[in-house]
Amino acid sequence: MLAIKDLQAGYGKVNVLKNINIEVPKNKIVTLIGANGAGKTTTLRAITGMIKSTSGHITLNGKPISQMPSYRIACLGLAHSPEGRRVFSSLTVFDNLQLGAFPRLTGSRAKGDFKGDIEKAMELFPRLKERRNQLAGTLSGGEQQMLAMARAIMLNPEIILLDEPSMGLAPILVEEVFKIISRLKSSGITMLLVEQFAVAALNVADYAYVMENGKIVVEGTADKLKNDPAIKAAYLGAH
Amino acid sequence: MKSKYLFITIGIILLSIFPIFIHNEYYVHMVERILIYSILLFGLDIVVGYTGQVSLGHAGLFGIGAYVAGILYFKLGAPFIVIVPLAIIIACIFGLILALPALKVLGPYMAMVTLAFGTIIQILINEMTFLTEGPLGIKLLKPVIFGFQTQTIHYFWIVLSLSILSLIVVNRILKSRLGRAFEALRDSPVACDCMGVSVYKYKVYAFVISAGFAGLSGCLYAFSEQYISPNTYSFELTVLFLLAIIMGGRKTRLGAFIGAAIIIILPQLLSDVYLFRNVATVLAAIIIVGAVILVSKKLSTFKKVFVPIASVISLVVFSYIIKSIGDWRLTIFGCMILLVVYYLQDGIVGFSRNFYISIFSSKNKSRDDVELSKLSNEDAILYAKNSSTSKILLNLKSVLMQFGGLKALNDVDLIVKKGTIHGLIGPNGSGKSTLINVLTGIYVPTSGNVEFSDKSIVGQTSAKIALSGIARTFQNVQLFSEMTAIENIMVALNHTYKSNLLEIALNLPRFKKEEVNAKQRAYSLLKFVGLNELANEEARNLPYGKQRLLEIARALALDSNLLLLDEPAAGLTAPDIKELLKIISRIKEHGITIILIEHHMEVVMAISDTISVLDFGQKIAEGKPKEVQANKKVIEAYLGAETA
Amino acid sequence: MDIFIQLIYSGIALGMIYGVIAFGYQLTFATSSTLNFGQGEALMLGAMVGLTLSNLGVNYWLIIPIVCIFGLVQGSVVEYFGVRPAIKIKSEFGWIMSTIALGVIFRNLAENIWGRGTYRFQGPVADEPLKIFGANILPMEILVVIGAVAMMLMVEIFNRKSIYGKAVIATANDRDASGLMGINTSLVITFSYALSSLTACFAGVLIAPLTLAGASAGGSLGLKAFAVAIVGGLSSGFGIIVGGIILGISETLTGFYISTGYKDVPSLIILLIVLSIKPSGLFGKTTIKKV
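In this text the structure is predicted, and so the values were computed from the model without any measurement.

Enquirer: I would appreciate a short explanation of the overall build of chain C in the present structure.
Expert: Helix and strand content of chain C: 11 helices and 4 strands. Taking 291 residues into account, the globule formula puts the C-alpha radius of gyration at 19 Å, and chain C, at 19 Å, falls close to it. When burial is assessed residue by residue, chain C has 58% of its 291 residues classed as buried. Of the contacts made within chain C by residues no fewer than 6 positions apart, 75% connect residues no fewer than 24 positions apart. When the 17 basic and 13 acidic side-chain charges of chain C are each reduced to a single mean position, those positions are 10 Å apart.

Enquirer: Please explain the sheet that holds strand 10 (residues 470-472) of chain B as it appears in this structure.
Expert: Working definition: the strands of a sheet are paired by backbone hydrogen bonds and lie parallel or antiparallel to each other. Residue and element names in this part refer to chain B. An order of 10-11-12-7-13-14 is seen for the 6 strands of this open sheet, with the pairing classed as mixed. In this open sheet, the two strands that pair with only one neighbour each are strand 10 and strand 14 (618-623). The mean inter-strand angle of the sheet, taken between neighbouring strand axes irrespective of direction, is 20 degrees. In the sheet, strand 10 pairs with strand 11 (residues 562-566) via 3 bridges, with the strands oriented parallel. The partner of Ile 470 across the bridge, within strand 11, is Leu 562. Here helix 17 (residues 432-439) sits on the sheet in contact with strand 7 (421-425), strand 10, strand 11, strand 12 (593-597) and strand 13 (610-615), set at roughly 145 degrees to strand 12.

Enquirer: How do you make sense of the interface of chain B and chain C when you look at a structure like this?
Expert: Note on interface size: it is often stated as the accessible area lost on association of the parts. With 44 residues of chain B at the interface, the matching set in chain C holds 45 residues. Taking both partners together, chain B and chain C bury about 4,000 Å²; carbon and sulfur atoms supply 80% of that area. The three residues of chain B that bury the most area against chain C are Tyr 109, Met 112 and Tyr 342 of chain B, which together make up 18% of that side's buried surface. One can count 0 salt bridges joining chain B with chain C. A breakdown of the residues in the side of chain B that touches chain C according to their chemical character gives 33 nonpolar, 6 polar and 5 charged.

Enquirer: What's the story with the pairing of strand 3 (residues 29-33) of chain A in this structure? I'm lost.
Expert: Two faces, one strand: in a regular strand the side chains alternate between the faces of the sheet. Residue and element names in this part refer to chain A. Taking burial as the measure, the 5 residues of strand 3 include 5 buried ones, the bulk of the element. Going residue by residue along strand 3, you find Ile 29, Thr 31 and Ile 33 tucked away on one face and Val 30 and Leu 32 tucked away on the opposite face as well. One ladder, built from 5 bridges, connects strand 3 with strand 8 (residues 191-195); its direction is parallel. Directly across from Val 30, in strand 8, lies its bridge partner Leu 192. Note: strand 3 against strand 9 (residues 207-212), 4 bridges, orientation parallel.

Enquirer: Looking at this structure, I do not really get the pattern of salt bridges. What am I missing?
Expert: When the charged atoms of two side chains with opposite charge come close together, those side chains can pair. In this structure the tally under the stated criterion is 38 salt bridges over all chains. Glu 133 of chain B is the partner of Lys 75 of chain B in a salt bridge, and the nearest nitrogen-oxygen pair spans 3.1 Å. Remark: Glu 133 of chain B occurs in the loop between helix 6 (129-132) and strand 1 (138-139) and Lys 75 of chain B occurs in helix 3 (residues 58-76); sequence separation between them is 58 residues. Measuring nitrogen to oxygen at the nearest pair gives 3.6 Å for the salt bridge that ties Arg 116 of chain C to Glu 111 of chain C. Owing to a relative accessible area of 60%, Arg 116 of chain C belongs among the exposed residues under this scheme. Relative accessible area serves as the criterion here: at 11%, Glu 111 of chain C is assigned to the buried category.

Enquirer: Can you help me understand empty space enclosed by the protein in this one?
Expert: Unoccupied space between atoms shows up once a probe the size of one water molecule is rolled over them. All names here are of chain B. Taken as a whole and judged by the stated rule, the model has 3 cavities of 30 Å³ or more. Within this model, the second largest cavity holds a volume of roughly 60 Å³. Taken together, Val 438, Leu 439, Gly 441, Tyr 443, Val 444, Pro 445, Val 450, Ile 457, Val 458, Gly 459, Gln 460 and Ile 465 form the lining of the second largest cavity.

Enquirer: Help me understand the environment of Gly 49 of chain B in this model?
Expert: Residues and elements named next belong to chain B. For Gly 49, the position within the fold is in helix 2 (residues 25-50). Assessed through its relative accessible area of 0%, Gly 49 is described here as buried. A sequence separation of 134 residues divides Gly 49 from Glu 183, and the C-alpha atoms of the two residues are 8.6 Å apart. What Gly 49 contacts, discounting residues up to four positions off in sequence, is Leu 44, Arg 186, Arg 250 and Lys 251.

Enquirer: Whenever I open this one, the interface of chain C and chain A confuses me. Can you help?
Expert: Contacts between chain C and chain A engage 17 residues on the former and 23 residues on the latter. Between chain C and chain A, roughly 1,900 Å² of surface is buried when both sides are summed, and carbon and sulfur atoms account for 66% of that area. The largest contributions to the chain C side of the interface with chain A come from Ile 163, Leu 180 and Met 181 of chain C, which together make up 37% of the buried area. When the shortest N-O distance is used, the salt bridge between Asp 176 of chain C and Arg 86 of chain A registers 3.8 Å. Put simply, the parts of the chain that give the side of chain C that touches chain A at least two residues each are helix 6 (163-173) and helix 7 (175-180) of chain C. Among the elements that take part in the side of chain C that touches chain A, helix 6 of chain C stands out by supplying 7 residues, more than any other. Across the side of chain C that touches chain A, the residue classes tally to 9 nonpolar, 5 polar and 3 charged.

Enquirer: When you look at the side chain of Asp 45 of chain B in this model, what are you seeing that I'm missing?
Expert: As for its placement among the helices and strands, Asp 45 of chain B is situated in helix 2. Discounting chain neighbours no more than four positions away, the residues touching Asp 45 of chain B are Tyr 50, Ile 245, Arg 250, Lys 251, Thr 252 and Arg 253 of chain B.

Enquirer: Before we go on, may I ask you to explain the pairing of strand 8 (residues 447-452) of chain B in this structure?
Expert: Residue and element names in this part refer to chain B. Relative to strand 8, strand 5 (residues 392-403) runs antiparallel, the two sharing 5 bridges. Residue pairing across strands places Leu 400 opposite Ser 447, the latter belonging to strand 8. Across 2 bridges, strand 8 lies against strand 9 (residues 455-456) in antiparallel orientation. Residue pairing in the sheet places Glu 451 in a bridge with Ser 456 of strand 9.

Enquirer: Even after reading the chapter, I still don't get the domain arrangement of chain B, so can you show me in this structure?
Expert: All names here are of chain B. Under the domain assignment used here, chain B contains domain 1 (25-266), domain 2 (279-360) and domain 3 (392-639). Domain 1 and domain 2 are separated by 29 Å when their C-alpha centres are compared. With 15 residues of domain 1 at the contact, the number on the domain 2 side is 14 residues. Summing both sides of the interface, domain 1 and domain 2 together bury roughly 1,200 Å²; the carbon and sulfur share of this comes to 78%. If you look at where domain 1 meets domain 2, you find 1 salt bridge. A salt bridge links Glu 236 to Arg 329; the shortest N-O distance between them is 3.1 Å. In this assembly, domain 1 and domain 2 are joined by 5 residue pairs in polar contact (both at pLDDT 80 or more). Mapped onto the side of domain 1 that touches domain 2, the elements with two or more residues apiece are helix 11 (235-248) and helix 12 (253-270). Take the side of domain 1 that touches domain 2: its biggest share by element is 7 residues, from helix 11. A class-by-class count of the residues in the side of domain 1 that touches domain 2 yields 9 nonpolar, 4 polar and 2 charged.

Enquirer: Can you walk me through the state of the cysteines in this structure?
Expert: Disulfide: a covalent bond formed between the sulfur atoms of two cysteine residues. Residue and element names in this part refer to chain B. Using the criterion set out here, one finds 0 disulfides over all chains in the structure. Note on Cys 192: no disulfide assigned, nearest cysteine sulfur contributed by Cys 194 at a separation of 9.4 Å. The thiol of Cys 219 is not disulfide-bonded; the next cysteine sulfur, from Cys 92, is found 13 Å away.

Enquirer: So what exactly am I meant to see when it comes to the packing of aromatic side chains here?
Expert: Any pair of aromatic rings gets described here by the distance separating the centres and the angle formed by the planes. A full pass over the atoms with the stated rule returns 27 aromatic pairs over all chains. Each ring, one from Phe 80 of chain B and one from Phe 223 of chain B, has its centre 5.1 Å from the other, and the planes form 80 degrees; the classification is edge-to-face. Of this pair, Phe 80 of chain B sits in helix 4 (residues 80-102) while Phe 223 of chain B sits in helix 10 (residues 199-225); the two residues are 143 residues apart in sequence, bridging distant segments of the chain. Of the two residues examined, Phe 80 of chain B and Phe 223 of chain B, each falls in the buried class. Aromatic side chains Tyr 109 of chain B and Phe 226 of chain C sit 6.1 Å apart centroid to centroid with 70 degrees between the ring planes, which places their arrangement in the edge-to-face category. Here Tyr 109 of chain B, found in helix 5 (residues 107-127), pairs with Phe 226 of chain C, found in helix 9 (residues 218-232), and the two come from separate chains. Residue classification places Phe 226 of chain C among the buried positions, given a relative accessible area of 0%. Each member of the aromatic cluster is reached from another via a ring pair, and the members are Tyr 37, Phe 62, Tyr 67, Tyr 221, Tyr 233 and Phe 241 of chain B. Across the ring face of Phe 88 of chain A, the terminal group of Arg 151 of chain A is positioned such that the distance to the ring centre comes to 4.8 Å.

Enquirer: Would you take a moment to explain the sheet that holds strand 6 (residues 406-417) of chain B for this structure?
Expert: Residues and elements named next belong to chain B. Strand order in the open sheet made by the 4 strands is 6-5-8-9, with antiparallel pairing throughout. Lying at the two open borders of the sheet, with one neighbouring strand each, are strand 6 and strand 9. Lying over the sheet, helix 17 contacts strand 5, strand 6 and strand 8, oriented at roughly 115 degrees with respect to strand 5.

Cut-offs and rules
Residues numbered from 1 in each chain as written. Chains lettered and ligands numbered in written order. Predicted model: local features only at pLDDT ≥ 70, side-chain atom pairs only at ≥ 80, totals over all residues. Heavy atoms only, no water. Helix = DSSP H or I, 4+ residues; strand = E, 2+ residues; numbered from the N terminus. Rg over C-alpha atoms; globule rule 2.2 N^0.38 Å. Buried < 20%, exposed > 50% of the residue type's maximum accessible area, 1.4 Å probe, protein only. Contact = heavy atoms within 4.5 Å. Lys, Arg positive; Asp, Glu negative; His and termini not counted. Charge placed at Lys NZ, Arg CZ, Asp CG, Glu CD. Pairing = 2+ DSSP bridges. Axes fitted to C-alpha atoms, helices over the stretch in contact; angles between N-to-C directions. Buried area = accessible area lost by both parts, 1.4 Å probe. Salt bridge = Lys/Arg side-chain N within 4 Å of Asp/Glu carboxyl O. Nonpolar A, V, L, I, M, F, W, Y, C, P; charged D, E, K, R; others polar. 1 Å grid on protein atoms, 1.4 Å probe; cavity = no way out; pocket = protein on both sides within 12 Å on 5 of 7 lines; lining within 4 Å. Points joined across faces, edges and corners; volume = space filled by probe spheres on them. Domains from an automatic or database assignment. Polar contact = N/O pair within 3.5 Å; in protein donor to acceptor, adjacent residues only side chain to side chain. Disulfide = S-S within 2.5 Å. Phe/Tyr/Trp six-rings, centres within 6.5 Å; stacked < 30°, edge-to-face > 60°. Lys NZ or Arg CZ within 6 Å of the ring centre and 35° of its normal.

This is how it looks when you write it as structure tokens:
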């Protein structure tokens, strides 16, 4: 589905990513974990053209997307729920969901059953149903995260990039978010999940990459990495 | 450096003797006007080039200068030597009245507000007939000085000497702490405030100083033209001034002079269509040749030079189509602005300098490097001031910071004891940086209280908090990138100066002494973090790790009691981190309290006395490193609960 | 007293025009945090193009859509040449200077095409005043108020109800995130400039029958409309209507009771005062910027 080869990118003169190679197969959840500042978010930003990559190839279903602007990548069916949620605060929950389906509603992507999908999304995130006409800016952090995820799903995407869905959330909400991710998984979604909560991410993922200082240092099936002591050390500096 | 002064001296001598040999008054007058405009542009450059604000009000200030001269001369018959200082002072007062509201707002607002000011001034000059004679204008004679009626040539010398004087004063101001503050507030306003240099206050200073030069320039203009009328001080003139600044080149006095020459001479060229055609052709030739050189040397691509070439060619075509040039003056000026803004961003001076460097690849430094050998090495860091007996330095009481529905900090209590290193950790988005921003006055908390040395600091400006003793570094480096390492630190040493503008302009002993002291302090601080060899390197050219160290040195220059380090180890290599640890402990030895935010656990665990853990905006744990490391909640916060 | 009420009426009509131009400032400021410093020139061009059409015998009601289309083109030109390169290099100085330069160029072009004089523009309604509350009001003044409100309402409805309008608001909220939704944000910015010039050109055709049409009429209008945008707040639709009326009335009253020469002064002084007391405008929201 999504293949990243020898990706290099960064901000200004600083090259943050050094030869990143990642593959996300169809119907699988792949997670990218690592401590803060390892370059996880930068990787996602480089994939969707929010920053320009300096070298390397990125393909979606075999189609190169490296130098495309973000909006065209989205039209090809890649949904990116960015770090920090980034909901449209002065629009309602419903409007936000509608914008998630923007390419479908404007003819750049098969329309499908838009109304049905809205209902489905509301079912998946019952909290949003109650707040359908509320402005997104007035939602709590957890609700905004739900909205950001629902908005990404509304694209009817080939693949979802989900960036730190747990950021700044209370543990109970983190739990809820991960429950929803596993429900999405059972419906056969393809996802690249960036998380700093390694254990939670590994529980839900099929395959994992561990980043450190802009490089992939370990990769393997999620089950294998779950018991790898190197991970705990990388996070807590404990021995 | 020596050759530069030689060059300037020769230029001045040539300028002063030229009216003796060239008797054509037309040319003398033209050069005189160039000098007068230069004075205004020196001042405008402080605002536009250094502080990075757009002022559309300088034609108005120029008009004020001219009319102060006109009115004082015409109504009161005041002598020249009284008029000149009054013109400067009154322009400064108007500048202050404008700057106080205008500089509260940013970029585009500022431009519009100054434009409004300029418009008001023009209306007032037109309408207040009892004072200004309205559209009739005022006639003046060349000034009488101590009973001596000056002639054209004498007046030229007066203008020349005043413009040289302005040049010297501007240079001194820009090289002093004021100039450093101006540049710093443009590079990073946040950092500038957090170094105790109030952005607002220094923007107002810059504007008022600049208004003074505009006033002087206007006053000289009135006596030079010997007739003033309201139409001169229009929007068009303001736009011309800005064109002159950006075309000549920002942040250089030579650029101001060249810019002035262009906007004075160009209208003369534009009055003759044949001359205009020739000039257009020559210009096109120069740009095409320049572009060819650049492309052949692989310094530019064909795509990049395409637009300028296309435009000069169309300019030539245009010049042969039109019959009368006068009507199209403004269109030509407009096109020039467009061209300069996007293709000659550094102006003529900047472009030539870059061109010179790229062709001869020799580094031609415009700054005066600090001579390192003369500086001594004293102990860089002052010991923390111990004003009260209380053991608690910082006390946060149920601080709440809310953004819409988001609670970035939720009821946080935190006590930091004097002389300790207090670690602050937590996952991304847990509120650490928000906390630092609340402490330094960048955010005002929604509720709760912050007490520093037993005094509440809630609601105070960042600059005031910084001066009361809280220094910080930034997560994403906020250096003054176009300034050298040592200048970066000297910005933060601004609080050590007591000398005023007059002392700076006249280069009086107290100011000189303070400058030397600051330089020494800055140098020894650099030495403390091991950057003394790189003192004259621009901050943006330093490697990332060194930039972080420079930020620490800069924060230390504030002589604060509390130092907030926001991820100092981010992006550092292992040996750098070792060095950093040493530096932090040595800071602690001086009694300075440190709050350390860090993701490199080994760093935090190694040096913190106490660690607080934040998660989803709340404090979830606190204690000694070992305790925190074993805390179940903390492990969950970092790795996620097993149940998820 | 009658004269006073009459001045209030004309003040309101004038204020609504300022409101429409200020509305145009809001449109572009929302999507790209940039303003067209030549907005007044767009209005002037609208009036002059309308005048030319009118002299050719085109019906007033037909002129309006043609001028609106002209506005769309003019706004796109400004965005493409003046603003886009500046957004690319993130230079605030760049777009301020280039929109000023384009404004100067447009004015100079207009002066060369139509001359420096001012011309009468025949409106679509009778010139005889009506009596309301004992004071005279021109039918054209009523039309201006209706037209201005209708234009702002139409744009608001478009923004709130249509998916494209929501894309505009989304771009205003968060440009990067909008790109991720598949919205072509540069096109949205171009569109907001086109729309902004459209409203200005429309305002030009509306106001020209009341004032006079001339190539140099733009500059001060643009500035006063900015004063309205500031007084009302750059984020408040209601604010600009109130702000427009306050400034419009202050202008007509000053013009009559003091001197026409001073008529622009109160708006500009109100601008300075509002900025020094409440920079976000009387009705604007203070936003906390994340560092």
